[in-house]
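Next come the chains, spelled out residue by residue.
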Amino acid sequence: MSFPSQVKIVEVGARDGLQNEKKIIPADIKIQFINLLSETGLKVIEATSFVSPKWVPQLADHDEVFQKINKVNNVSYPVLIPNVNGLQNAIKAGVKEIAVFTTPSEQFSQHNTNCSVAESVERISEIMVIAKEHDIPVRGYLSCVLGCPYEGKISALAVANLAEKLLLMGCYEISLGDTIGVGNPVAVKELIVEVIKKIPLEKVAVHFHDTYGLALVNIYAALECGVNVVDSSVSGLGGCPYAPGATGNVATEDVVYMLNGMGIQTDIDIVKLMLAGNFMMNVLQKSSQSKVNLALQMTNNCRED
Ligand code: HMG
Ligand code: MG
């Protein structure tokens, strides 16, 4: 068993975290939220998505949000892109890094992007051409890798083949998304074993939603396999509008707390993270889903300001 010595956290709270919120949050609140996240030591903060506002009204303000956030040195602010139209808008807004997404599930592909898996791969290949011309690094997401709300079980081989395809197309990293949070540590290990037959381990990231409360233990299983990139969302915000039953991502505070305790370096200030999370939860008038947040507030370890 050898855990990585360092883990990169990809904070998805401003994108995955907000995309499913029904009440539209003003752009200036989103900007303040991302600016708070930028002060925490996070190195990757997914800022928004340039998807169709008809499909995800909450993120229709992507131009304004992306343009007005403080861009801190050495922090990247990728955005989610579904098609060439989105990429062209993102380039105009000054985006320097993007993430694309597809899935091995035909039905999820139809529900989420109104096209087949093959068509979504074709869209990605068109995106890759333009991204390359503009020197834009591209991350790849695969959704529903451990189960689909429409198709149920998903074959690990299908996930591995699609991961290989995205890597060959030019993605620098593949994030394996348990979109509806149905995975367990054994399934996670089996999946990673299959995926690393096709792509190098250092290209693998994991993205767990915490629907059944297993996200942290699933991350632990991925760490045991040597994965060192973890997606998470401050306060456990999140959900996909086209994945019924899915709840938020694993809370970044909880991931950082676990990694710190295990002696794995993240360089993230957990108190500042909690403050950023509390800021957004106050706006949403919801309670944080982070157990660590709750525990540290109870023990008065949180700074007051
Ligand atoms: P469509 O309706 O088939 O597309 O949607 P279309 O080409 O027919 O366009 C329809 C309208 O949208 C047109 O406007 C287009 O111009 C416009 P109209 O002519 O009717 O006025 N349009 C756009 N506008 C702005 N930006 C764009 C854009 N594209 C089209 N980029 C489409 C196809 C892919 C666009 C749509 O299905 C879509 O945007 N889907 C995104 C859904 C989404 O964001 N889901 C959540 C993200 S994925 C996720 O959360 C999973 C992840 O977290 C990992 C995990 O957890 O597993 C990543
Ligand atoms: Mg997600």
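**Notes on the coordination of the magnesium ion (ligand 2)**
Link 1 in the chain: Coordination of the magnesium ion (ligand 2) by the protein is provided by Asp16 (OD), His207 (NE2) and His209 (NE2), with metal-donor distances spanning 2.0 to 2.3 Å.
Link 2 in the chain: Of note, the magnesium ion (ligand 2) draws all its donor residues from one chain, in the sequence arrangement D-x190-H-x1-H. Pair noted here: aspartate 16 is in helix H1 (residues 16-19) and histidine 209 is in the loop between strand E8 (204-208) and helix H9 (215-224), with a separation of 193 residues, a long-range link. The same class applies to aspartate 16 and to histidine 209, which are both buried.

**Observations concerning helix H2 (residues 27-38)**
Link 1 in the chain: Between the first and last C-alpha of H2 there are 16 Å, a value that for twelve residues agrees with the 16 Å anticipated at 1.5 Å per step.
Link 2 in the chain: Judged by how many residues are buried, H2 sits mostly within the fold: nine of twelve residues are covered.
Link 3 in the chain: Turning to H2, its buried residues number three or more, namely Ala27, Ile29, Lys30, Ile31, Phe33, Ile34, Asn35, Leu37 and Ser38.
Link 4 in the chain: Close packing links the buried residues of H2 with strand E1 (8-11), H1, strand E2 (44-45), helix H3 (62-68) and helix H11 (270-284).

**Section: the side chain of serine 143**
Link 1 in the chain: Looking at where serine 143 falls in the secondary structure, it is placed in the loop between strand E6 (138-142) and helix H7 (156-169).
Link 2 in the chain: Beyond its immediate chain neighbours, meaning those up to four positions away, serine 143 contacts Thr102, Thr103, Pro104, Phe108, Gly177 and Thr179.

**Let's talk about the sheet that holds E8**
Sheets are built from strands that pair by backbone hydrogen bonding, the pairs being arranged parallel or antiparallel.
Link 1 in the chain: On the basis of which strands lie adjacent, the open sheet formed by nine strands has the order E2-E1-E9-E8-E7-E6-E5-E4-E3 and parallel pairing. Bordering the open sheet on either side are E2 and strand E3 (48-49), each of which pairs with just one other strand.
Link 2 in the chain: Relative to E2, E1 is paired through two bridges, and the arrangement is parallel. For valine 10, the partnering residue across the bridge sits in E2 and is valine 44.

About the cut-offs
- Residues numbered from 1 in each chain as written.
- Chains lettered and ligands numbered in written order.
- Predicted model: local features only at pLDDT ≥ 70, side-chain atom pairs only at ≥ 80, totals over all residues.
- Heavy atoms only, no water.
- Donors = N, O, S within 2.8 Å, 3.2 Å for Na, K, Ca; no water.
- Helix = DSSP H or I, 4+ residues; strand = E, 2+ residues; numbered from the N terminus.
- Buried < 20%, exposed > 50% of the residue type's maximum accessible area, 1.4 Å probe, protein only.
- Expected span 1.5 Å × (residues − 1).
- Contact = heavy atoms within 4.5 Å.
- Pairing = 2+ DSSP bridges.

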